[in-house]
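Residue-level listing of the chains:
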Amino acid sequence: MDKLNITNPFNAPVYYLETVSSTMDISRKLSAAGEPHGTVITADFQEAGRGRIRSRTWEMEKNTSLPFTILLRYPRIENIPRALTLRTGLAVSLAIEDFAPYLKGSVFVKWPNDIMIGSKKNAGILCEADEGTVYLGIGINVSQKEFPSHLREKAASIITNVDSGTNVTGDRFILLEKVLSRLYNEIETPLENDWRLRLEKRLYKINSHVAFIDGAADNGREVKGVLKGIGNDGDILIALDGGEEVKSFFTGELKF
Ligand code: BTN
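These notes cover the structure that comes with them.

For the structure on display, the rule yields 19 salt bridges. A salt bridge links K62 to E18; the nearest nitrogen and oxygen atoms lie 3.3 Å apart. Residue K62 is found in the loop between β3 (40–46) and β4 (65–73), and its partner E18 is found in strand β2 (residues 14–20); the two are separated by 44 residues along the sequence. Classification of E18 as partly exposed rests on a relative accessible area of 46%.

Moving on to the site of the ligand. Around the ligand there are 21 residues in total, and S22, Q46, R50, R52 and K121 lie nearest to it. Here T23 contributes a side-chain N or O atom positioned 3.1 Å from a nitrogen atom of the ligand. Separating a nitrogen atom of the ligand from a side-chain N or O atom of Q46 is a distance of 2.9 Å. Coverage of the ligand by the protein chains reaches 97% of its 410 Å² of free accessible surface. Where the shell around the ligand is concerned, the elements lending two or more residues are α1 (23–32), β4, β7 (120–130) and β8 (133–141).

It is worth spelling out the pairing of β3 at this point. With six of seven residues buried, β3 is to be regarded as a mostly interior element. Both β2 and β3 contribute to a ladder of six bridges, which runs parallel. Across the sheet, residue V20 finds its bridge partner in β3, namely Q46. Regarding the hand of the β-α-β motif, the stretch spanning β2, α1 and β3 is right-handed.

Spatially, β1-β2-β3-β4-β8-β7-β6-β5 is the arrangement adopted by the eight strands of the open sheet, whose pairing is mixed. Edge positions in the open sheet fall to β1 (2–3) and β5 (107–110), since each of these has one partner strand only. Looking at chain direction, β3 and β4 are connected through three bridges and run antiparallel. What sits directly across from T42, in β4, is F68.

On to the sheet that holds strand β12 (residues 246–249), then. An order of β12-β11-β10-β9-β13 is seen for the five strands of this open sheet, with the pairing classed as antiparallel. Looking at which strands have only one partner, the edges of the open sheet turn out to be β12 and β13 (252–255). The average angle at which neighbouring strand axes cross in this sheet is 50°, direction not considered.

Attention now goes to helix α3 (residues 172–187). In an α-helix, one full turn covers 3.6 residues, which means residues spaced three or four apart are oriented alike. Here α3 spans 22 Å end to end across 16 residues, near enough to the 22 Å set by a 1.5 Å rise per residue. Of the residues making up α3, those classed as buried are R172, F173, L175, L176, V179, L180, L183, E186 and I187. The buried residues of α3 all sit within an arc of 140° when viewed along its axis, so they share a single face. Packed against the buried residues of α3 are β2, β3, β4, α2 (84–99), β8 and α4 (195–201). At the N-terminal boundary of α3, the capping side chain belongs to D171, with an oxygen 2.8 Å from the backbone nitrogen of F173.

The omega angle of the peptide bond from W111 to P112 is 0°, so this bond is cis rather than trans. Following the sequence through the fold, P112 ends up in the loop between β5 and β6 (114–117). Even without glycine at this site, A83 takes up a positive phi of about 50°. For E131, which is not a glycine, the phi torsion comes out positive at approximately 50°. Along the chain, E131 turns up in the loop between β7 and β8. A relative accessible area of 61% means that E131 is categorised as exposed.

Criteria and cut-off values
- Residues numbered from 1 in each chain as written.
- Predicted model: local features only at pLDDT ≥ 70, side-chain atom pairs only at ≥ 80, totals over all residues.
- Heavy atoms only, no water.
- Salt bridge = Lys/Arg side-chain N within 4 Å of Asp/Glu carboxyl O.
- Helix = DSSP H or I, 4+ residues; strand = E, 2+ residues; numbered from the N terminus.
- Buried < 20%, exposed > 50% of the residue type's maximum accessible area, 1.4 Å probe, protein only.
- Near = heavy atom within 4 Å.
- Polar contact = N/O pair within 3.5 Å; in protein donor to acceptor, adjacent residues only side chain to side chain.
- Areas by Shrake-Rupley, 256 points an atom, 1.4 Å probe, with all protein chains shown as cover.
- Pairing = 2+ DSSP bridges.
- Right-handed = clockwise from strand over helix to strand, strands pointing away.
- Axes fitted to C-alpha atoms, helices over the stretch in contact; angles between N-to-C directions.
- Expected span 1.5 Å × (residues − 1).
- Arc of directions from axis to C-beta.
- Contact = heavy atoms within 4.5 Å.

See below:
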């Protein structure tokens, strides 16, 4: 396995393979082999990329997307940072703006695990854990120009319609470096920081009326109301229609 020569503030290796089944699988192997906290595996292509919902795959084009998984080791499950997926979303959205400053103000975090450019999905986060061992998978569309027909209206890349004057490089591994730097700041700081407020500033559809599927995507119950924000544990807060009540939900999906 090759190592990439990029900065990893976690002080751990960044591995690269041309083609993998899923970087999640390789990360599990790296964990079994004793690799340290912060070890990253990335690839040019995944043959079986996974989405958060089991029935959904993560499709990508070779070389124009950035799929990677970072292995995080905590002594126990209680030591895993609160709201890790959302805080990762915050870090990824900041890194995208570092990489492509012309996108500032149009990168949002959609609860619970998507990054949006405008109203289209640009990146997704998949967090798997075995006790205190976390496999944090991130997939970002970097410069893919064409998407399959079922994604065409829904997916966006960072680099599209950008003229040569914007000085943005298509180098995916520069973006990876920026994500690692932002992620380190978000999750390795010893003090409880203000992630919730910073996240709410870029929360997709905050203060809008939304429909929400409470529970599993395929058999949840639909509720409607105004998206008010995020709770301390990463729960979504919705002021339900027809009442004063702001309700907190831990599982479910926004529906558009
Ligand atoms: C989602 O949007 O539902 C989550 C998508 C996560 C995709 C990334 S790509 C790197 C890692 N490997 C996978 O198989 N999935 C995650």
